[in-house]
Structures are given as C-alpha cells and as structure tokens.
There are 2 protein chains.
Amino acid sequence: MAYRPTARTEARRAEVRDRIVRAAFELIRRGGYREASVAAVAAGAGVATGTVYRHFPSKAELFAEVFRVASQHEVDAVAEAMAAPASVSDRIALGVETFARRALRGRRLAWALLAEPVDPAVEEERLVFRRAYAEVFASSLREGVLDGSLPPQDPDVTAVALVGAIGEVLTQPHSSDEQALVASLVRFCLRSITEESDVHRHAA
Amino acid sequence: MAYRPTARTEARRAEVRDRIVRAAFELIRRGGYREASVAAVAAGAGVATGTVYRHFPSKAELFAEVFRVASQHEVDAVAEAMAAPASVSDRIALGVETFARRALRGRRLAWALLAEPVDPAVEEERLVFRRAYAEVFASSLREGVLDGSLPPQDPDVTAVALVGAIGEVLTQPHSSDEQALVASLVRFCLRSITEESDVHRHAA
DNA sequence: GCAAGGTATGAATCGTGATTCACTTCTTGA
DNA sequence: TCAAGAAGTGAATCACGATTCATACCTTGC
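Residues numbered from 1 in each chain as written. Chains lettered and ligands numbered in written order. Predicted model: local features only at pLDDT ≥ 70, side-chain atom pairs only at ≥ 80, totals over all residues. Heavy atoms only, no water.

A. Focus on the side chain of S71 of chain A. Looking at where S71 of chain A falls in the secondary structure, it is placed in helix α4 (residues 59–81). Those residues in contact with S71 of chain A that sit more than four places away from it in its chain are L113 and F129 of chain A. (Helix = DSSP H or I, 4+ residues; strand = E, 2+ residues; numbered from the N terminus. Contact = heavy atoms within 4.5 Å.)

Here it is in structure tokens:
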C-alpha cells in the first residue's frame, strides 16, 4: 500500500470531473444533446476521451447528472420567484412567467431539458424534472384549494397540465413577440386554475 | 421495352407496400418506435429487409408515413367528436374527452405519437400532428371568441397550451382511475378557456 | 421461348459514436 | 530513489441497426 491519494490530489481529480460536467453542460446549452458526443465533451474539458470514463461509468450517467443539475437550477429559480409574499394566483403567475422567460432566454437549453430526444436513462431525469416543476405548482395550488381562494380541483392534475401547457407553448415555434406570448400564457394559466364564470358558461 | 407492369402487378406491389406499413404500425402500437427496426418490420410484413427499401427510400420516410396516417386518424376522431351541434365549451369538452379516452386506450401508441424520441424526420410529422390537433381546437376557440361565448384570448396560444396540457397529463403516469383523470382534465381545459371569476380572483 | 427489365432476397457492408485497454505519466509512502 | 498503484491517454475495438447490392426470380411483350 504505497499510494493513497492526498486531499490535494483528490481535489485535482474533482476539478477534472467538474470540468467535464461543465463542458457537457456547455455543449448542451449551445447545441443540444445531439452535438454532445463524448469526444466533444472530452475536447471541451481538455482531457482525453478515456478520461471521461474514469469519472463516469457511461455517457448516459454523465448527462443524467448534467440534466439533474441544470434542471434543478431552473426549478429553483421558479420556486424562488413563487416564494414572494402574494396571493396564490399571483404566485402562480410569477412562477409561470419566470419559467417562460428563462426558457425563452435559453431556448436551446429549454428545448434540451423539455423536449429533445435523449437516452432512456437521461429521459428518466427529465421526468423527475417535470415532476419537480409540477410539484412546485402543486403545493401552491393545494394551499389555494384549502383556503378557498381557488375552486375545488385535483391540484396534481392541474399542476401537471400547467407544466405541459407551458412546455408546449414554449417549445412550439411562435410568431408573436415574447411579451405578448408570455402574457397570453400567463392568462391561460390563471384562467385554468380559477373558477369559470357562470356568465360565460351559459352564454353560448 | 419488353416489360411494363400491368394493373394486376401494380396492385400486388401496392399490397406489399401496404403490408409493410401495417407491420410498422403494429410494431409501433405494441412496442413503440424503439422496437421497430427495419428487420422487424420486414419480418412482420413477411418480406426481406431489402424489400422495404424497394418501397421506401429510408426508415425515416416509412415511419413518417406511418405517423402521418396514425395521427391523422386520431385527429379525425377528435374533429368528428367536436362536430356535434353544441356550444363551443361543450364541443371543446367533447374533443378533450375523445382525445383523452383514445390515448388512454392505446397508451403505447399515444406515447409514440406524442412523446417518444424519434428520428428528426419523424419528429417533423409529430409537429404536424400536434399542430393539427391545436388547429382543431383553435377553430372552435376562434368561433367562441368571435361570438362572445368565450372571453378575449389568443386562440392559437390557448389551443397549443391545451394540446400540451392534455399530452402531458396523458403521458405522465397517474395514480387516479381513468374516469377521475379524464374528468379532472376536462374541467381543467374548460376553466382554461372561460373567464376567471372575480369572486375567486380577489378572495385570497 | 426468350430478352428486357422489374421485383425480391438477405448476407455483407457501412457509418457512427460509445466504450475499452495497453500503455504512459504522475503520486505517494517507505 | 523506488515500487505500487492511481490517473490520463487516444487509437483501436465494438455494437448496432440502417442501408446496399450481387444474385435469383418474375412478368411482360414480342
């Protein structure tokens, strides 16, 4: 037993691992999953292909981690926006708007996280991601249903539907400008959680 | 010029082509796109691998056609349900319910059409498919906005959001039983197209 | 019947990109 | 300084399924 890595060596190793994750993220952010070959990741991190495999058992595991970190970041941003002291409706609106604006800023990343075809193993992370988004909305919805500020509804279904609606609108190419699109989307989401008025229900 | 296929021969050829398409569809319906290798399609159709390429220039083109036919079928079903003589809201509800029930019946097919990772060329058909769904909803929504039975809104955004919401709810695994799920989903969609009531908007 | 040309076959080829591994280089503790 | 073992290297290998193509078989019109 003539060798046992010191803290310093382990730190260096961790730094390499980190560079690999960052390089992978950068590739996804700029060109999506398709462009992100292991060779490209290695080049971006300044290491040899084989080195990637000294830190991750497979490409799928590497990108699962990248997805995990990136999507957690997004969910956190939305959750933070929704932590504001406001009514349930207003908080939902804030969440939707944050979700939308961030996605429109980094379209490629949003597409990669929300919709791009990926390995099954990575797809699993995506489901976790979408569920996490839904959960953020669901907890506010539950609160609103309980305190009566929202009409009775299944908060889980509503939350999942919201995530789907937002994702689809953001993923689909649109003509209208960003401001209008976000405004329409927020209005859609607010309508969908609040009571439909009898006036319109019977007006037709 | 000693050979020019007769009608009979062309019919036989068309029949082979048809068998290939059916086999491809059957594979997708049962195991999704992943399971549907060209070899498996050929086997299912009772022909050799190479024969597939005498009828389609590539796997992507074959499956693009399969997607086209299958999804048109779904869209038609929804459009037909919405042709009933009823109010805009009721028709939307019918459309959503039809969409949902059919998808829950053939979950694998629904997943393949709505969400499964596929070739870019096939993905294009999927976009067409989703747009077609959205358009079916959009035309009713436009009508409702014009005649005042629905509040002012961007019908295209609403329609796309509806498709996203429905797709996500159906794609995501759920605990509740089918009846309850569909009911919740229909309610969500109806709320999302009708006016939010002032009562709840200001109640919090 | 037979030449021309179409159609079917399926084993062999190809492309792509992940993964491996024999080898080199670096670290450590004695 | 040295042996043991860890980390890094990158060309070679592998896996896998789409695609090709030399060959055999049918159809047609003369």
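B. Spatial organisation of the protein's contact with DNA strand D. In the region of DNA strand D, 24 residues are neighbours, and T51 of chain A together with A2, T6, Y53 and K59 of chain B sit closest. Among all atoms of DNA strand D positioned within 4 Å of the protein, those belonging to sugar or phosphate total 75%. K59 of chain B is positioned such that a nitrogen or oxygen atom in its side chain is 2.6 Å from a phosphate oxygen of DNA strand D. Elements supplying a minimum of two residues to the surface near DNA strand D: α1 (7–35) and α3 (49–52) of chain A together with α1 (7–35) of chain B. Ranked by residue count, the leading element in the surface near DNA strand D is α3 of chain A, at 3 residues. Here the surface near DNA strand D is composed, by residue class, of 10 nonpolar, 9 polar and 5 charged. (Near = heavy atom within 4 Å. Polar contact = N/O pair within 3.5 Å; in protein donor to acceptor, adjacent residues only side chain to side chain. Nonpolar A, V, L, I, M, F, W, Y, C, P; charged D, E, K, R; others polar.)

C. Representation of the pattern of salt bridges. Residues and elements named next belong to chain B. Taken as a whole and judged by the stated rule, the model has 30 salt bridges over all chains. Between E97 and R101 there is a salt bridge, with the nearest N and O atoms lying 3.3 Å from each other. With a gap of 4 residues between them, E97 and R101 both fall in helix α5 (residues 88–105), about one helical turn apart. According to the relative accessible area criterion, E97 is partly exposed, its value standing at 31%. Residue classification places R101 among the partly exposed positions, given a relative accessible area of 21%. In this structure, E178 and R105 form a salt bridge, with 3.6 Å as the shortest nitrogen-oxygen distance. With E178 in helix α9 (residues 178–193) and R105 in helix α5, the pair connects residues that are 73 residues apart, well separated along the chain. (Salt bridge = Lys/Arg side-chain N within 4 Å of Asp/Glu carboxyl O. Buried < 20%, exposed > 50% of the residue type's maximum accessible area, 1.4 Å probe, protein only.)

D. Quick peek at the protein's contact with DNA strand C. As a matter of local geometry, DNA strand C sits amid 24 residues, with A2, T6, T9 and Y53 of chain A together with T51 of chain B nearest to it. Each atom of DNA strand C within 4 Å of the protein belongs either to a base or to sugar and phosphate, the latter forming 74%. One nitrogen or oxygen atom from the main chain of V38 of chain A is found 3.0 Å from a phosphate oxygen belonging to DNA strand C. For the surface near DNA strand C, the leading source of residues is helix α3 (residues 49–52) of chain B, giving 3 residues.

E. Looking closely at the layout of surface pockets. Size it by volume and the largest pocket reaches roughly 1,200 Å³. If you trace the largest pocket, you find 42 residues lining it, with A115 and R126 of chain A together with A115, E116 and P117 of chain B closest to the centre. Listing elements by their share of the lining of the largest pocket, those giving two or more residues are α1, α6 (107–114), α7 (120–146) and α8 (155–171) of chain A together with α1, α6 (107–114), α7 (120–147) and α8 (155–171) of chain B. Its residues assigned to classes, the lining of the largest pocket shows 18 nonpolar, 8 polar and 16 charged. Here the second largest pocket is characterised by a volume of approximately 380 Å³. (1 Å grid on protein atoms, 1.4 Å probe; cavity = no way out; pocket = protein on both sides within 12 Å on 5 of 7 lines; lining within 4 Å. Points joined across faces, edges and corners; volume = space filled by probe spheres on them.)

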